[in-house]
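# An overview of the molecular structure
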Amino acid sequence: MPDSQHAAVDHKTLANAIRALAMDAVQRANSGHPGMPMGMADVATVLFGKCLNFDPDWPDWPDRDRFVLSAGHGSMLLYGLLYLLGYARPTLDEIKNFRQLGSPCAGHPEFGEMPGIETTTGPLGQGLAMAVGMAMAERLEAARSGPEVSDHYTYVIAGDGCLMEGISHEAISLAGHLKLSKLIVLFDDNSISIDGPTDLAVSDDQTQRFAAHGWHVQAIDGHDPEAIAAAITAAQGANRSSMIACRTVIGYGAPNKQGTASTHGAPLGEEEIAAARAELGWKAPPFEMPEPVLAEWRAFGARGQAKSAAWKERVAALPEAVRTDHERRLAGDLPADFPAAIADLKRQLAAEPQKVATRKASQIALEAINPVVQETIGGSADLTGSNNTKTATTAVITPEDFSGRYVHYGVREFAMCAAMNGMALHGGFIPYGGTFLVFTDYARPAIRLSAMMRQRVIFVMTHDSIGLGEDGPTHQPIEHLASLRAMPNLNVFRPADVVETLECWQLSLQSKDTPSVLALTRQGLPQLRLDHTDDNLCARGGYEISACAGDPEITLIATGSEVHVAMAAQTLLDEEGIACNVVSMPSAELFDAQPVVYRNAVLQPNVIKVAVEAASPMGWHRYVGPDGVVIGMRGFGASAPAGDLFTHFGITAEAVARAAKERL
């Protein structure tokens, strides 16, 4: 609950410190958004000064309250707070260097640039959705380790733009359903967008909208500190998610521009800043903070030290098994018996081969993984039976019971992926969630932020090609693999059989700082890897899965369901006396990261190469070279049984063999 002590410096002066830093930094950079920080300075002063539990000396304290600036364009609000509260960064010089190359004070908050930034925000609405995931993780941890370990709130500042974005609907609907009572959204209700008044484009009543989703809702004057504190206290006591609509004036204190779009996305100008200083009674020069003001803010920052120390003592007193499990999960380390679980299943598959779709192979892998790696939190966007993401050991999470490990996300692909990012950022859990590969179009912005923030999130994307059959071209991904492979720091896995699927799961779980996409088939595939090996062959991205006698004349490269097509073509070529080997490339990203000596050994420079993948050929020409050929999809698919489609589009063993012979 908010502290009752009275500050030595009055509230107005403390809030004006935020406003001064924001307008001066934006002016110096000649770029940025001063209006939101100036408008929400009163709310932020109450929140950080009286309500939020945090410790600048231990910014990663696991039980700290989380603060997400979903309206990331107002980044100077957060940078100013971090400086004033005594975090190690940003320094005043770094604030002076706002939006410049090398400064951690980027145009929008970027996770990892400095302590106190919980997540990258800027793409509007995603911060709100990631906060939902953080609040879910808090409840998951409390159910697992107890309230003495996990008992914190997640606060969000969201603006009109966040709530216009479609993801906001998905996120607040999910949060309302799950009754995430420690999620509190502070809505900057200033009625201004970049184009002008928000009534140019929207006439929603946001309080009624949130109420319809089952939220606790309040509306207050966002410049009244007593009203702000009272509203936060009421929200903390609610038994469901809370939204506080804070009626504010954008650019508050700038006498000629406040309340207008001109303060939203451009510097105020020297004259208006001088007028604002006079209006606010702020006499300090730019980037100079009066010592009493800074001391009061630093006292706010020191307030959390006793709470974080008490938490550390509580955790130290936990039973050893609970404490060590908690510490291991927070460190992101996998259980010691994880490699053995993978090896045991690989041996079993070598002894008892399985002809299954790789989506089913994924479930087989998860049945072995989930009992051992108990921090996995699975889910699906209303496609559980199709994605095969639920296992025997993952009970369903409900609003009343968070002891489970499986989330029914509903038809909310974007919010699912963003919430998984939030869970990963929170720490202690490894989220994975499924939908169809074609629906990465709905979720791509969240996948991109996951890659940018270097989070271990696993996106299980099934029905990965025309092989899904009768659902037709709307559901058959064509350009998606190439598009995802173009994204930096994202591992895209397309395994060829049950063994490769298991190995790709192992690699995804071992990757602490890179998210993964598992592209999996609907149709059954033969097991191609029949001999057991302790080595993870997929770890190098591409490898020779089927050799030939002597030196090859042709190398066939394939992924996923087309590897067995390539191996059938190899047989046809062998019958004609043409030496041909087959390379499986489940991950182009991992293959490209290998030393050139290895890559040249797998794809010999002087050998004709044919690549085959039931997807866009984009990206494959760098492997086959000018003398090779790529067999793939050059248009959209069609509605028909899978076998008919592969024949119709020429993705067959005969077509591959014919193309290879034409290149000799």
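What comes next concerns the included structure.

## Points about the overall build of the protein
A tally of regular secondary structure across the protein gives 27 helices and 20 strands. A compact globule built from 664 residues should have a C-alpha radius of gyration of about 26 Å, and the protein, at 28 Å, falls within 12% of that. For the protein, the residues scored as buried account for 61% of the 664 residues in total. Long-range contacts, defined here as pairs at least 24 residues apart, represent 78% of the contacts in the protein between residues at least 6 apart. Summed over all atoms, the accessible surface of the protein reaches about 24,100 Å², with 50% contributed by carbon and sulfur.

## A word on the layout of surface pockets
Space inside the largest pocket adds up to approximately 700 Å³. Around the largest pocket sit 30 residues that line it, and Phe111, Leu330, Ala424, Leu425 and Gly427 are the ones nearest its centre. Every element with two or more residues in the lining of the largest pocket is listed here: helix H14 (320–331) and helix H18 (413–426). Here the element with the most residues in the lining of the largest pocket is H14; it accounts for four residues. Of the residues in the lining of the largest pocket, the class split is 12 nonpolar, seven polar and 11 charged.

## Quick notes on the nonpolar core
If you look at the biggest cluster of nonpolar residues, it comprises 126 residues, and the most contacted ones within it are Met136 and Trp297. Here Trp297 is in contact with Leu14, Ala17, Ile18, Thr45, Phe48, Leu81, Leu84 and Leu85, once residues within four sequence places are set aside. By size, the runner-up hydrophobic cluster in this structure holds 74 residues, among which are Leu366, Leu509, Leu603 and Val630.

## Quick word on the sheet that holds strand E7 (residues 242–247)
On the basis of which strands lie adjacent, the open sheet formed by five strands has the order E1-E2-E3-E7-E6 and parallel pairing. Every interior strand has two partners, whereas the edge strands, strand E1 (66–69) and strand E6 (216–221), have only one. Neighbouring strand axes in the sheet, compared pairwise and without regard to direction, differ in orientation by 20 degrees on average.

## Brief notes about helix H16 (residues 358–369)
Spanning 12 residues, H16 covers 16 Å between terminal C-alpha atoms, matching the ideal 16 Å at 1.5 Å per step. Buried residues of H16: Thr358, Arg359, Ala361, Ser362, Gln363, Ala365, Leu366 and Ile369, and no others.

## As for the packing of helix H3 (residues 41–51) against helix H10 (residues 225–236)
Across the interface, H3 lies against H10 with an axial gap of 9 Å and an inter-helix angle of 55 degrees. Looking at the two axes, H3 sits oblique to H10. Of the two elements, H3 crosses H10, and the hand of that crossing is right-handed. Between H3, through Asp42, Val43, Val46, Leu47 and Cys51, and H10, the contact on the second element is made entirely by Pro225, Ile228, Ala229, Ile232 and Gln236. The class makeup of the residues in the contact of H3 with H10 is eight nonpolar, one polar and one charged.

## Re the packing of helix H6 (residues 126–145) against H14
Viewed as axis vectors pointing N to C, H6 and H14 meet at an angle of 155 degrees, and their least axial separation amounts to 11 Å. Judged by the angle between their axes, H6 and H14 are roughly antiparallel. The element H6 and its partner H14 pack so that their crossing is right-handed. Two secondary-structure elements touch here, H6 through Glu141, Arg144 and Ser145 and H14 through Asp325, His326 and Arg329. Among the residues making up the contact of H6 with H14, the classes are represented as no nonpolar, two polar and four charged.

## A short note on the side chain of Ser241
Positionally, Ser241 belongs in the loop between H10 and E7. Polar contacts involving the side chain of Ser241 include one to the main-chain carbonyl oxygen of Ala175, which spans 3.5 Å. Contact partners of Ser241, with chain neighbours within four places excluded, come to Ala175, Gly176, Lys179, Leu180, Ser181, Leu183, Trp215 and His216.

## Section: helix H21 (residues 498–510)
Here H21 spans 19 Å end to end across 13 residues, near enough to the 18 Å set by a 1.5 Å rise per residue. When you tally the buried positions in H21, you get 12 out of 13 residues, the bulk of the element. Listing the buried residues of H21 in full gives Val498, Val499, Glu500, Thr501, Leu502, Glu503, Cys504, Trp505, Gln506, Leu507, Ser508 and Leu509. In this structure Asp497 caps H21, since a side-chain oxygen of it lies 3.2 Å from the backbone nitrogen of Val499.

## Things to note about unusual backbone geometry
Put simply, Arg89 and Pro90 share a cis peptide bond, and its omega is 10 degrees. For Phe287, which is not glycine, the phi torsion reads 65 degrees and is therefore positive.

## Focus on the environment of Glu470
With respect to the helices, strands and loops of the structure, Glu470 is situated in the loop between strand E12 (458–462) and helix H20 (480–485). Overall, the relative accessible area of 43% leaves Glu470 in the partly exposed class. When neighbours within four sequence positions are excluded, Glu470 is seen to be in contact with Ser639, Ala640 and Pro641.

## A look at the environment of Cys538
Following the sequence through the fold, Cys538 ends up in the loop between strand E15 (524–525) and strand E16 (543–546). Cys538 sits 34 residues away from Cys504 along the chain, and the two C-alpha atoms are 6.7 Å apart. Non-local contacts of Cys538, meaning those with residues more than four positions away in its chain, are made with Glu500, Glu503, Cys504, Leu507, Tyr543, Pro586 and Leu590.

## Overview of the sheet that holds E16
Read from one edge of the open sheet, five strands run E16-E18-E17-E19-E20, paired in mixed fashion. Single-partner strands in this sheet number two, and they are E16 and strand E20 (629–631). The average angle at which neighbouring strand axes cross in this sheet is 30 degrees, direction not considered. Inspection of the sheet shows E16 paired to strand E18 (residues 580–584) by three bridges, in the antiparallel sense. Residue pairing across strands places Tyr543 opposite Ser584, the latter belonging to E18.

## A look at the pattern of salt bridges
Evaluation of the coordinates by the stated rule reveals 26 salt bridges. Of the charged contacts, one joins Glu141 and Arg329 as a salt bridge, the two residues approaching to 2.8 Å between their closest N and O atoms. Taken together, the residues span a long stretch of sequence, with Glu141 in helix H6 and Arg329 in helix H14 at a distance of 188 residues. Classification of Glu141 by relative accessible area gives buried; the value is 3%. A relative accessible area of 4% means that Arg329 is categorised as buried. For Glu613, the salt bridge goes to Arg494, with nearest N and O atoms at 3.9 Å.

## Considerations on the packing of aromatic side chains
For the structure shown, the criterion picks out 14 aromatic pairs. When the ring centre of Tyr83 is taken as reference, the NZ or CZ atom of Arg298 above it lies at 5.2 Å.

## Considering the side chain of Asn421
Along the chain, Asn421 falls in helix H18. Judged by relative accessible area, which is 0%, Asn421 ranks as buried.

## Some points on empty space enclosed by the protein
Going through the model one piece at a time under the given rule, you end up with five cavities of 30 Å³ or more. Along the walls of the largest cavity sit Phe48, Leu52, Phe54, Arg64, Asp65, Phe67, Leu78, Leu82, Tyr87, Gly116 and Glu118, which together make up its complete lining. When its residues are assigned to classes, the lining of the largest cavity shows seven nonpolar, one polar and three charged. The computed volume of the second largest cavity comes to approximately 60 Å³.

What counts as what
- Residues numbered from 1 in each chain as written.
- Predicted model: local features only at pLDDT ≥ 70, side-chain atom pairs only at ≥ 80, totals over all residues.
- Heavy atoms only, no water.
- Helix = DSSP H or I, 4+ residues; strand = E, 2+ residues; numbered from the N terminus.
- Rg over C-alpha atoms; globule rule 2.2 N^0.38 Å.
- Buried < 20%, exposed > 50% of the residue type's maximum accessible area, 1.4 Å probe, protein only.
- Contact = heavy atoms within 4.5 Å.
- Areas by Shrake-Rupley, 256 points an atom, 1.4 Å probe, with all protein chains shown as cover.
- 1 Å grid on protein atoms, 1.4 Å probe; cavity = no way out; pocket = protein on both sides within 12 Å on 5 of 7 lines; lining within 4 Å.
- Points joined across faces, edges and corners; volume = space filled by probe spheres on them.
- Nonpolar A, V, L, I, M, F, W, Y, C, P; charged D, E, K, R; others polar.
- Core = buried A, V, L, I, M, F, W, Y, C linked by side-chain atoms within 4.5 Å.
- Pairing = 2+ DSSP bridges.
- Axes fitted to C-alpha atoms, helices over the stretch in contact; angles between N-to-C directions.
- Expected span 1.5 Å × (residues − 1).
- Parallel < 35°, antiparallel > 145°, perpendicular 65-115°, else oblique.
- Left-handed = near helix turned anticlockwise from the far one by under 90°.
- Polar contact = N/O pair within 3.5 Å; in protein donor to acceptor, adjacent residues only side chain to side chain.
- Salt bridge = Lys/Arg side-chain N within 4 Å of Asp/Glu carboxyl O.
- Phe/Tyr/Trp six-rings, centres within 6.5 Å; stacked < 30°, edge-to-face > 60°.
- Lys NZ or Arg CZ within 6 Å of the ring centre and 35° of its normal.

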